[in-house]
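Structure at a glance
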Amino acid sequence: MNVLAIDQGTSSTKALVVSPAGDILGAGEVPVHPRACNDGAVEQDPEELLTSVLVAGHQALAQSGAAIGAVGLANQGETILAWERANGRPLTAAISWQDRRATSVCNELAAHGTRLRFLTGLPLDPYFAAPKIRWLRDHITRAGVCTTTDAWLVYRLTGAYVTDAATASRTALLDLDAVAWSPEVCGLFEIDPGTLPAIVGCAEPVGETTAFGTRVPVAGLAVDQQAALFAEGCFRSGDAKCTYGTGAFLLATVGARAVRSTTGLVSCVAWQLAGETTYCMDGQVYTVGAAVDWLRRVGLVQDATDLD
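We now turn to the structure provided with this report. (Residues numbered from 1 in each chain as written. Predicted model: local features only at pLDDT ≥ 70, side-chain atom pairs only at ≥ 80, totals over all residues. Heavy atoms only, no water.)

**Points about the nonpolar core**
Put simply, the rule is: We call a set of buried Ala, Val, Leu, Ile, Met, Phe, Trp, Tyr and Cys residues a nonpolar core when their side-chain atoms join them within 4.5 Å. Exposure is judged per residue with a 1.4 Å probe applied to protein chains only, and the accessible area is read against the type maximum: over 50% gives exposed, under 20% gives buried, and values in between give partly exposed. Strands here are runs of E lasting at least two residues and helices are runs of H or I lasting at least four, both read from the DSSP assignment and numbered beginning at the N terminus. Note on contacts: a residue pair is in contact if any heavy atoms of the two residues lie within 4.5 Å.
In terms of nonpolar packing, the biggest core is built from 47 residues, with Ile80, Ile133, Leu136, Leu173, Phe189, Leu229 and Val269 touching the most fellow members. For this core, the elements supplying multiple residues, two or more each, are β7 (80-83), α3 (113-120), α4 (129-139), α6 (165-168), α7 (183-188), β17 (248-255), β18 (266-273) and β19 (276-285). Discounting chain neighbours no more than four positions away, the residues touching isoleucine 133 are Ile80, Cys146, Leu173 and Ile191.

**Some thoughts on the sheet that holds β19**
Under the convention used in this document: Any two strands are treated as partners once DSSP identifies two or more bridges connecting them. Every axis corresponds to a line fitted to the C-alpha atoms, with the helix fit spanning only the stretch in contact, and the corresponding angles, defined between N-to-C directions, vary from 0 to 180 degrees.
Spatial strand order, β16-β17-β19-β18: four strands in an open sheet with antiparallel pairing. If you trace the sheet from one side to the other, it starts and ends with β16 (240-244) and β18, each paired once. Going across the sheet, the axis of each strand differs from the next one's by a mean of 30 degrees, ignoring polarity. In this structure, β16 lies alongside β17, joined through five bridges in antiparallel fashion. Each bridged residue has a counterpart across the sheet, and for tyrosine 244 the counterpart in β17 is alanine 248. Against the sheet, helix α8 (residues 224-231) makes contact with β16, β17, β18 and β19, and its axis sits at roughly 65 degrees relative to β18, the strand it touches most.

**Quick look at the pattern of salt bridges**
How we decide: A side-chain nitrogen of Lys or Arg and a carboxyl oxygen of Asp or Glu constitute a salt bridge if their distance falls within 4 Å.
Scanning all chains against the criterion turns up 19 salt bridges. Across the salt bridge formed by arginine 297 and aspartate 293, the nearest N and O atoms sit 2.9 Å from each other. On the criterion of helical spacing, the pair formed by arginine 297 and aspartate 293 is a turn pair, its members being four residues apart in helix α9 (residues 288-297). We classify arginine 297 as exposed; its relative accessible area is 55%. Among the charged side chains, a network of salt bridges with common partners joins Glu108, Arg134, Asp138, Arg142 and Glu190.

**A closer look at the sheet that holds strand β6 (residues 70-75)**
If you walk across this open sheet you meet the six strands as β3-β2-β1-β6-β15-β14, and the pairing is mixed. Two strands close off the open sheet at either side, each with one partner strand: β3 (24-31) and β14 (207-209). Within the sheet, the average angular offset between the axes of one strand and its neighbour, ignoring direction, is 25 degrees. Its contacts with the sheet place helix α5 (residues 149-158) against β1 (3-8), β6, β14 and β15 (216-223), and it is angled at close to 65 degrees to β14. In this fold α8 packs onto β1, β6 and β15, with an angle of close to 100 degrees to the strand it touches most, β15.

**Re the packing of aromatic side chains**
Quick note on the threshold: Pairing of aromatic side chains requires ring centres within 6.5 Å, counting the rings of Phe and Tyr and the six-membered ring of Trp. Pairs whose planes differ by under 30 degrees are stacked, by over 60 edge-to-face, and all others tilted. Whether a charge sits over a ring depends on NZ of Lys or CZ of Arg being within 6 Å of the ring centre and within 35 degrees of the ring normal.
Inspection of every chain in the model, using the stated rule, returns eight aromatic pairs. Aromatic side chains tryptophan 97 and tyrosine 127 sit 5.7 Å apart centroid to centroid with 75 degrees between the ring planes, which places their arrangement in the edge-to-face category. A residue pair is termed long-range when its members are at least 10 positions apart, and tryptophan 97 in the loop between β8 (94-95) and α2 (103-108) and tyrosine 127 in the loop between α3 and α4 qualify at 30 residues. Of the two residues examined, tryptophan 97 and tyrosine 127, each falls in the buried class. Judged by centre distance (5.0 Å) and plane angle (85 degrees), the ring pair of phenylalanine 230 and tryptophan 271 falls under edge-to-face. Linking phenylalanine 230 in helix α8 with tryptophan 271 in strand β18, this pair joins segments that are 41 residues apart in sequence. The class of phenylalanine 230 is partly exposed, set by a relative accessible area of 37%. The exposure class of tryptophan 271 is buried, given its relative accessible area of 6%. Among the aromatic residues, ring-to-ring pairing joins Trp97, Tyr127, Phe128 and Phe249 into one connected group. The aromatic ring of tyrosine 161 is capped on one face by arginine 85, whose charged end is 4.1 Å from the ring centroid. Seen from the ring of phenylalanine 118, arginine 260 lies directly overhead, with NZ or CZ sitting 5.2 Å from the centre.

**Overview of unusual backbone geometry**
The phi dihedral of valine 179 falls on the positive side, at around 50 degrees, and the residue is not glycine. Locating valine 179 in the fold gives a position in the loop between β11 (174-175) and β12 (180-181). Positive phi values are uncommon outside glycine, yet glutamate 190 reaches one of about 55 degrees.

Any functional reading would require information that these geometric values do not contain.
Written out as structure tokens, the structure reads:
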């Protein structure tokens, strides 16, 4: 069975048609365009993100000339938006993981930082989804639901209202050990856990889509960095990878029990397969690719290879 694998990223959406033997039969890529403002805002057009998923997927299919049996989707992880559950209509721009406007929320909740880190494995930082959701609710709208972009994309593709365990662990709303929304944490961020999507495993059918032609299941979901950890075969405790894109992210698998760092790393779900959860630790440098692009745009380097 061939699989259409789609990675909806910060600066582009990439799609591959992959054979059962792991051969790449076709590829597609569509750029997307984050918008940065001086107040720390970084936003994206949700409809552009969806269109990029559809166009990149069709590009890969056209190049492959092959039929597919399933679709998998990787996502940005911490980017959020508000939208209407009845029809999937976006109510706000997508607020990027790079957006820093929720710093005020983190300052307000600073006294709870240690407790939040113990429960969720994550520091109190506007990088993660929960502070951004609270900020959006306080400053933009309380209408609709507010989720990470993967839940919205899956809804638009299938009608299912879900997020995977790995992505959920990047929200700062998840009880890391229980792999369930934490009522205590949701209460601190003034978020009703009943409005959040159901948490599913990373390799199970969640619905069907006709967006790429014939009706096929969407059967693979994961946050992008954990998807890369799995793709690199880092299955044993201690195995690690580093990926370089807009940011650089070093992840190490730690096994079946979550480990809390004492040295600044974050703890999260690597993946959940057949009901079994594997955890990882993560260190981030948020602006690697963006910094290199800035150096190129201001003329200090002509190409990234000049840094060598």
